[in-house]
Protein chains: 2
Amino acid sequence: MGLRERKKEKTRLAILDAAIDLFLEQGYDSTTVEQIAGAVDVSPRTFFRYFTSKDHIVLWFHDQGEEIMLETLQARPADEPPFTSLAHALRAVLSNVADSTPADTQRFLKLRRVLEEHPHLVGLSVARGTETERRLADEVAARRGVDPAQDRLTHLIVAFAMSTMRVGFDCPQSEPHDVREIVGRLEATIQLAELSLRPGWDA
Amino acid sequence: MGLRERKKEKTRLAILDAAIDLFLEQGYDSTTVEQIAGAVDVSPRTFFRYFTSKDHIVLWFHDQGEEIMLETLQARPADEPPFTSLAHALRAVLSNVADSTPADTQRFLKLRRVLEEHPHLVGLSVARGTETERRLADEVAARRGVDPAQDRLTHLIVAFAMSTMRVGFDCPQSEPHDVREIVGRLEATIQLAELSLRPGWDA
DNA sequence: TAATATATGTCAGTCGATGACAGATGACAA
DNA sequence: TTGTCATCTGTCATCGACTGACATATATTA
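Residues numbered from 1 in each chain as written. Chains lettered and ligands numbered in written order. Predicted model: local features only at pLDDT ≥ 70, side-chain atom pairs only at ≥ 80, totals over all residues. Heavy atoms only, no water.

## Looking at the interface of chain A and chain B
Okay, so step 1: Counting from both sides, the interface comprises 35 residues of chain A and, opposite them, 35 residues of chain B.
Okay, so step 2: Across the chain A to chain B interface the summed buried area is about 3,100 Å²; carbon plus sulfur atoms make up 65%.
Okay, so step 3: Taken together, the links from chain A to chain B amount to two salt bridges.
Okay, so step 4: A salt bridge links Glu133(B) to Arg166(A); its shortest N-O distance comes to 3.9 Å.
Okay, so step 5: The interface formed by chain A and chain B includes seven residue pairs in polar contact (both at pLDDT 80 or more).
Okay, so step 6: Contributing elements (two or more residues each) for the side of chain A that touches chain B: α8 (120-144), α9 (152-170) and α10 (179-196) of chain A.
Okay, so step 7: Here the side of chain A that touches chain B gets 10 residues from one element, more than from any other, and that element is α9(A).
Okay, so step 8: For the side of chain A that touches chain B, the residue count by class is 19 nonpolar, 10 polar and six charged. (Contact = heavy atoms within 4.5 Å. Buried area = accessible area lost by both parts, 1.4 Å probe. Salt bridge = Lys/Arg side-chain N within 4 Å of Asp/Glu carboxyl O. Polar contact = N/O pair within 3.5 Å; in protein donor to acceptor, adjacent residues only side chain to side chain. Helix = DSSP H or I, 4+ residues; strand = E, 2+ residues; numbered from the N terminus. Nonpolar A, V, L, I, M, F, W, Y, C, P; charged D, E, K, R; others polar.)

In structure tokens form, the structure reads like this:
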């Protein structure tokens with residue numbers, strides 16, 4: 001990897017960290033792009049070359065996670081029930097964070113706090129995730145041998161899976177201390193969902 | 001009702017209609033608030049006195065619908081299974097539209113087309129609905145006699161219900177011609193959801 | 001080292017959104 | 001009817017997110 005790429009990755013992370021810290025210090029809304037850029041000695045214009053929008057900072061892990069979900073889903077055996085596959089995809093997102101560098105998991109935990117304090121940002125992640133949700137539905141439809149434009153159950157399966165994810169993440173309770181605690185909550189939520197669903201419903 | 005209020009309601013609807021038509025003609029993003037205001041001979045500043053944001057236009061029915069959901073939910077018998085109550089709340093939203101004036105249902109159908117062409121706006125509705133979803137969860141928690149801050153199942157119930165709503169609304173298929181067709185789709189989706197869930201799961 | 005490719009800063013400009021103030025208009029009592 | 005009051009509206013100024021264009025600086029490669 002050349003110097004150029006290393007430098008880019010460095011500023012990318014610097015911007016990310018500066019932004020997250022500012023969000024936690026003074027709130028998301030009252031933090032301007034100018035401040036973030038200033039904190040890492042970069043022009044505001046450059047900020048937008050690394051992140052397409054201010055929101056993009058908050059949705060960083062979300063974007064990343066959806067990519068992982070897609071890959072995991074495609075790697076699961078084709079004859080596995082779709083919801084089971086999706087559940088594994090959800091787990092994969094968190095495993096990825098847990099297996100990452102300490103700095104990365106720290107970013108994840110901090111971002112989670114930002115999302116907690118500004119619930120409306122959670123919706124934005126859904127907004128951005130629309131496209132990925134469609135791709136997940138396409139994949140599930142292919143596995144079920146149906147037309148994604150016609151089959152309601154396919155969309156319901158994906159929607160339920162995403163709901164499970166959100167509940168596992170957002171469920172208030174006390175502040176989680178590490179990623180493993182969040183892993184535990186997601187696992188519990190997945191089990192709860194599987195307990196709530198009729199066996200074979202997604203076949 | 002005084003002249004003043006009538007006038008306000010009139011401009012409110014005028015702005016709404018002008019905006020919707022412009023969105024359908026030239027797309028959501030390329031329509032400016034200035035254009036909308038100009039189309040009804042009103043200053044841009046006044047636009048923001050009727051609608052808090054450009055998004056607000058699109059989410060108009062959504063806001064309205066969530067209010068109805070809450071009221072319906074509260075009116076359902078306390079011993080009814082929560083998901084059943086929520087399903088009735090979903091139906092109530094559409095009944096309200098169907099029982100409204102023809103002009104109103106037209107607006108509804110047009111707005112639905114706007115949402116279809118700009119999927120990211122669907123996410124915005126979730127963003128705006130975060131607060132209402134919390135209130136729904138509070139109500140469900142009260143009925144189940146649990147603490148909303150502790151009980152995962154409560155949040156899962158609400159999340160599943162909202163998913164059902166979204167799938168019923170957004171499921172592609174062919175363009176619906178009237179509200180009754182959408183009512184049918186929602187009903188089918190609700191039945192599908194109830195078929196997918198284990199009996200008594202939400203008790 | 002020269003030539004090329006890419007990253008960054010500066011500048012100008014658009015658009016959404018908000019506060020402040022002044023003028024216009026409906027509501028209401030005498 | 002008239003005058004007062006509350007409310008609505010337009011104008012102006014301003015902020016902040018975001019984008020395109022262009023020039024400059026910094027890697028990369030031959």
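That was the structure; now back to the text.
## Re helix α5 (residues 60-75) of chain A
Residue and element names in this part refer to chain A.
Okay, so step 1: Taking 1.5 Å per residue, 16 residues should reach 22 Å; α5 reaches 23 Å between its end C-alpha atoms and fits that length.
Okay, so step 2: Buried residues of α5: Trp60, Phe61, Gly65, Glu66, Ile68, Met69, Leu70, Thr72 and Leu73, and no others.
Okay, so step 3: Check the buried side of α5 and you find it contacts α1 (3-26), α4 (54-58), α6 (82-98), α7 (102-117), α8 and α9. (Expected span 1.5 Å × (residues − 1). Buried < 20%, exposed > 50% of the residue type's maximum accessible area, 1.4 Å probe, protein only.)

## Some details on the domain arrangement of chain A
Residues and elements named next belong to chain A.
Okay, so step 1: Under the domain assignment used here, chain A contains domain 1 (3-53) and domain 2 (59-196).
Okay, so step 2: Here the C-alpha centre of domain 2 lies 26 Å away from the C-alpha centre of domain 1.
Okay, so step 3: Opposite the 14 residues of domain 1 that make contact, domain 2 presents 11 residues.
Okay, so step 4: By the criterion of area lost to domain 2, the three top residues of domain 1 are Ile20, Leu24 and Tyr28, representing 45% of everything that side buries.
Okay, so step 5: Measuring nitrogen to oxygen at the nearest pair gives 2.7 Å for the salt bridge that ties Asp17 to Arg107.
Okay, so step 6: Where domain 1 meets domain 2, there are four residue pairs in polar contact (both at pLDDT 80 or more).
Okay, so step 7: Looking at the side of domain 1 that touches domain 2 residue by residue, the class counts come to seven nonpolar, three polar and four charged. (Domains from an automatic or database assignment.)

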